[in-house]
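# Architecture and fold: a report
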Amino acid sequence: MAEIQWVGLKELRAARARNPQKVLDEARLFLTRGLAVYKAGIIRDPWRVGGRGGGSPVSNDPRYPRKFQRQRSGNLRDTHVTEINGLEGRIGPNLALAPYAKYVHHGTRRIQGRPWLDYVKQTKEGEIEKLYRGMLSNIVGDLAK
């Protein structure tokens, strides 16, 4: 699962002490929007064989062995789940439905890894930063009233 680390969490906690409900509402909104940005990156523009990056890999190769039929169906892409607990958000594949995800992500001695979660996190960093700044602006604007 990809994890988001907060910069300025100390200041956010201080603002929370002054107006806790506004901070929680804005933080939940930020996490929801941020995870939606990551999910869009995972689903769109899949990682192609021989490629240098992309979202969740989807193989359309008809030569894929029958036992790997779930990978051909886009199962890995479609099983990503999001969680928001307090001030923490996570996104990653459901390992119960796609137990092979860790082998695809990290690779094995026979196949090269396709770290789509790392790629999406890196490429979406700018959008997440904008969302984060917007959240802080809303909190500060409300506290200034």
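Our subject in this report is the structure included herewith. Just so we're clear, the structure is a prediction, and the values are computed from it rather than from any experiment. Chains are numbered independently. Their residues run from 1 in the order of the written sequence. Confidence filtering applies because this is a predicted model: local features only for residues at pLDDT of at least 70, side-chain atom pairs given and counted only at 80 or more, and all residues used for totals across whole chains, interfaces and linings. Hydrogens and water molecules were not included; the side-chain quantities draw on all heavy atoms of the structure.

### Considerations on the overall build of the protein chain
In plain terms, the rule: Secondary structure follows DSSP: runs of H or I at least 4 residues long count as helices, runs of E at least 2 residues long count as strands, and numbering of each begins at the N terminus. To sort residues, take the accessible area from a 1.4 Å probe on protein chains only and compare it with the maximum for the residue type: under 20% means buried, over 50% means exposed, and anything in between is partly exposed. Should any heavy atoms of two residues lie within 4.5 Å, those residues are considered in contact. Using a 1.4 Å probe, accessible areas were evaluated by the Shrake-Rupley method; residue-level cover was limited to the displayed protein chains.
The helix and strand inventory of the protein chain stands at seven helices and three strands. When the helices and strands of the protein chain are read in sequence order from the N terminus, they spell out β-α-α-α-α-β-β-α-α-α. The buried share of the protein chain, taken over its 145 residues, is 35%. Counted over contacts in the protein chain with a minimum sequence separation of 6, partners at least 24 positions apart contribute 60%. Accessible area for the protein chain stands at about 9500 Å²; split by element, carbon and sulfur atoms hold 50% of it.

### Section: the environment of D45
In this structure, D45 sits in the loop between α2 (20–43) and α3 (69–72). Overall, the relative accessible area of 54% leaves D45 in the exposed class. For the pair formed by D45 and S56, sequence separation is eleven residues and the distance between their alpha carbons is 8.1 Å. Not counting residues up to four positions away in its chain, the partners in contact with D45 are G54 and G55.

### Digging into helix α6 (residues 116–123)
The condition that has to hold: By construction, the arc corresponds to the directions joining the helix axis to the C-beta atoms.
Residues of α6 that are buried include every one of W116, L117 and V120, and no others. Projected onto a plane normal to the axis of α6, the buried residues spread over an arc of 100° and lie on a single side.

### Brief notes about the packing of aromatic side chains
The relation between two aromatic rings is expressed through the spacing of the ring centres and the mutual angle of the planes. We count it as follows: When the centres of two rings from Phe, Tyr and Trp lie within 6.5 Å, Trp using its six-membered ring, the rings pair. Their planes under 30 degrees apart give stacked, over 60 give edge-to-face, and anything left gives tilted.
A full pass over the atoms with the stated rule returns two aromatic pairs. Considering the side-chain rings of W47 and Y119, the 6.1 Å spacing of their centres and the 70° angle between planes classify their relative orientation as edge-to-face. Residue W47 is located in the loop between α2 and α3, and its partner Y119 is located in helix α6; the two are separated by 72 residues in the primary sequence. Classification of W47 by relative accessible area gives buried; the value is 8%. Owing to a relative accessible area of 28%, Y119 belongs among the partly exposed residues under this scheme.

### Some details on the pattern of salt bridges
Think of it this way: side chains of opposite charge can pair up when their charged atoms draw near. Condition: Each reported salt bridge corresponds to a side-chain nitrogen of Lys or Arg within 4 Å of a carboxyl oxygen of Asp or Glu.
Evaluated as defined, the whole model comprises five salt bridges. The residue R90 makes a salt bridge to E88 at a minimum N-O spacing of 3.0 Å. Overall, R90 belongs to the partly exposed group, its relative accessible area being 24%. For K124, the salt bridge is made with E127, and the minimal N-O distance between the two is 3.4 Å. Since its relative accessible area comes to 38%, E127 is described here as partly exposed.

### Remarks on the pairing of strand β3 (residues 88–93)
Under the convention used in this document: Being paired, for any two strands, means DSSP has found at least two bridges between them.
Alignment of strand β2 (residues 80–85) against β3, held across six bridges, turns out to be antiparallel. Within β3, the residue paired with V81 across the bridge is G92. Here β2 hands over to β3 after two residues, with G86 in that stretch at a positive phi of 60°.

### Side note on the environment of L117
As for its position among the elements, L117 is in helix α6. On the basis of relative accessibility, which here comes to 9%, the residue L117 falls in the buried class. Here the alpha-carbon distance between L117 and P93, two residues 24 residues apart in the chain, equals 9.5 Å.

### Some words on the side chain of E26
As for its placement among the helices and strands, E26 is situated in helix α2. Excluding anything up to four places from it in sequence, E26 contacts M135, N138 and I139.

Shape is all these values report; function is a separate question.
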